[in-house]
Amino acid sequence: MKHMNFNKSMILLVVLLLLLTSLNAAIFISVDTDMTLNVPDDIEALQLMAADWNPDGERVLQKEGGMLKLDIGQWATGENKTYPAAFGIVNPSEREFTITGLSLRGTPDHLQMYLHQNMTRPCNEDLVNVEKTEEDYVKVYDDGPVPHEIEWKLAPGEGLNDDELTYFNGTESANATRENGIWVYDWNGPIKAEEGIANFVWVEMSVFSKEGDDTATHRGPIEIEIDGEFEDPQPNVAFMGSGRRDGGPVIRALEGNTIELNVTDLKENRTVVISDAFAIVNAGPIELNITDIKVEGDEHGFMRVWLHSDPNKLAGDYDLDLGREDEDNRTLYYDGESTHEDEWTLGEGFGYTEENGNLLYGKEGDQTTATRTAGYPTAEYNLWMYDEEANNIAEKENSNFVWVEIAYVMEELPEESIDVHSTITFQFSSA
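This is a predicted model, so every value here is computed, not measured.

Draft legend 1. Quick peek at the overall build of the protein. A count of helical and extended segments in the protein gives zero helices and 31 strands. Split into buried and exposed, the 431 residues of the protein put 52% on the buried side. Counted over contacts in the protein with a minimum sequence separation of 6, partners at least 24 positions apart contribute 74%. Of the roughly 20200 Å² of accessible surface on the protein, a fraction of 41% belongs to carbon and sulfur atoms.

Draft legend 2. Geometry of the packing of aromatic side chains. A full pass over the atoms with the stated rule returns 13 aromatic pairs. Centre to centre, the rings of Phe-239 and Phe-278 are 5.7 Å apart; their planes meet at 85°, and the pair counts as edge-to-face. One end of the pair, Phe-239, is in strand β17 (residues 237-241); the other, Phe-278, is in strand β22 (residues 271-282), with 39 residues separating them in the sequence. Residue Phe-239 shares its accessibility class with Phe-278, and that shared class is buried. With centroids separated by 5.7 Å and ring planes inclined at 90°, the aromatic side chains of Tyr-386 and Trp-403 adopt a geometry described as edge-to-face. With Tyr-386 in the loop between β29 (384-385) and β30 (401-409) and Trp-403 in strand β30, the pair connects residues that are 17 residues apart, well separated along the chain.

Draft legend 3. Structural context of a negative patch on the surface. A cluster of acidic residues, Glu-135, Asp-136, Glu-151 and Glu-195, forms a negative patch at the surface. Tracing the backbone shows Glu-135 in the loop between β9 (111-116) and β10 (137-142).

Draft legend 4. A look at the confidence of the model for the protein. Averaged over every residue, the pLDDT of the protein is 76; residues scoring 70 or more account for 71%. Segment residues 1-43 is flagged for pLDDT under 50; beyond a separation of four residues in sequence, or across chains, it makes 165 contacts in the model.

Draft legend 5. Representation of the environment of Glu-325 in the model. Position of Glu-325 among the secondary structure elements: in the loop between β24 (303-308) and β25 (330-334). When neighbours within four sequence positions are excluded, Glu-325 is seen to be in contact with Lys-313 and Leu-314.

Draft legend 6. Layout of the pattern of salt bridges. For the structure shown, the criterion picks out six salt bridges. Lys-153 is the partner of Glu-96 in a salt bridge, and the nearest nitrogen-oxygen pair spans 3.9 Å. With Glu-96 in the loop between β7 (80-90) and β8 (97-104) and Lys-153 in strand β11 (residues 152-154), this residue pair connects regions lying 57 residues apart in the sequence. The exposure class of Lys-153 is partly exposed, given its relative accessible area of 30%. Asp-342 is paired through a salt bridge with Lys-396; the nearest N and O atoms lie 3.3 Å apart. Here Asp-342 is found in the loop between β25 and β26 (344-346), whereas its partner Lys-396 is found in the loop between β29 and β30, with 54 residues between them in sequence. A relative accessible area of 22% places Lys-396 in the partly exposed class.

Draft legend 7. The sheet that holds strand β4 (residues 47-50), seen in detail. Strands sit in the order β10-β9-β15-β7-β4-β14-β13-β12 across an open sheet of eight strands; the sheet is mixed. Whereas interior strands pair on both sides, the edge strands pair on one side only; in this sheet they are β10 and β12 (164-168). The sheet shows a mean angle of 35° between the axes of neighbouring strands, direction not considered. Bridge analysis of β7 against strand β15 (residues 200-208) gives eight bridges, and the strand direction is antiparallel. Across the sheet, residue Asn-80 finds its bridge partner in β15, namely Phe-208.

Draft legend 8. Representation of the sheet that holds β17 within the structure. In space, the six strands of this open sheet follow the order β25-β24-β30-β22-β17-β29, with mixed pairing throughout. A strand with exactly one partner marks an edge of an open sheet, and here the two such strands are β25 and β29. Alignment of β22 against β30, held across eight bridges, turns out to be antiparallel. From the neighbouring strand, Val-272 faces β30, where its bridge partner is Tyr-408.

Cut-offs and rules
Residues numbered from 1 in each chain as written. Predicted model: local features only at pLDDT ≥ 70, side-chain atom pairs only at ≥ 80, totals over all residues. Heavy atoms only, no water. Helix = DSSP H or I, 4+ residues; strand = E, 2+ residues; numbered from the N terminus. Buried < 20%, exposed > 50% of the residue type's maximum accessible area, 1.4 Å probe, protein only. Contact = heavy atoms within 4.5 Å. Areas by Shrake-Rupley, 256 points an atom, 1.4 Å probe, with all protein chains shown as cover. Phe/Tyr/Trp six-rings, centres within 6.5 Å; stacked < 30°, edge-to-face > 60°. Patch = residues over 30% accessible without salt bridge, like charges linked within 9 Å, V, L, I, M, F, W, Y side chains within 5 Å. Salt bridge = Lys/Arg side-chain N within 4 Å of Asp/Glu carboxyl O. Lys, Arg positive; Asp, Glu negative; His and termini not counted. Charge placed at Lys NZ, Arg CZ, Asp CG, Glu CD. pLDDT = per-residue confidence, 0-100. Pairing = 2+ DSSP bridges. Axes fitted to C-alpha atoms, helices over the stretch in contact; angles between N-to-C directions.

Written out as structure tokens, the structure is:
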């Protein structure tokens, strides 16, 4: 029998962009599955459901490219905007979950958020000309996290498929359907989300601006902590090492499912290319699109990041004689700034072996295992490493992995040499 580890807590991170100006205010929330997440993008993942409309006649919850966002609109200084059903959080899993914490990194102000029951009744007590306000709610954010009051139980769900997401309370049930890439509430469906009985909850967002506000931009994830009895698997997306420098892998592991790239002794007018720096492996049950790559630490814009098929070929055009063939199957994602013409699709993953939990990679009918055999015997280098004897050519859409080529194209420097210390974050969406 396979041994299963159960975890009582997981954290969902949602990227937040908050823009406040003295004349108007707007909130945009982008939801990405990025490499800091340990939340599966499948039936175990909580889903967001659109309901309220903004003044522009559009849903507050929208999809733009490969991301979701919340567009609350614009208004004059001193005016408030409250959406009792900015969006719903739906639990499709057959397991019960409890939302036990919510925080926003950077703690932006001008923002209140509530979990509550009735989508037609606002929680914000500062509103005027409202006869009835919500009685069953939890304030989770008010210019910062609200401590020790955040707990909302979501009943087990009924699963989901490509066309319908079932949500229900104690007496009614309905199906949200996809419109423009998002789940949309059925207006004939249940209004109330009774805590502990319904498998969904409404999120109210209330934004207010004040006289003399300065323009300010906030970026940082919303962290929603969830308790529940669920199997604690290996991450659904993993990194696999190959390329080495100075006797060890180019990458090292950080906290969570995040890696760091560290290349030193980069000299003026020199190009350093590592075509097999590492691979991204999809271990989850669904196809994933790699929607974007974010790089921190590349202050001079010297770095290049390609995704490509063959670890032994060069993806970039560097005008170098390195004795390697040029890669045909490639996509440039970063050349000093995030950019790509199309998205790389990773095929469905194969999970991990039952015997010893090793990572499986390859394609249907041609799989192999990565093992933890990295160079230095420390935790930060305890990485999955590829099988040198296997078929390591990644086929777009068929293989569940892709190679990442890292290059530094150095130009004139203010100093003789420079150390570049970069952190890379990958963002994903379900294909």
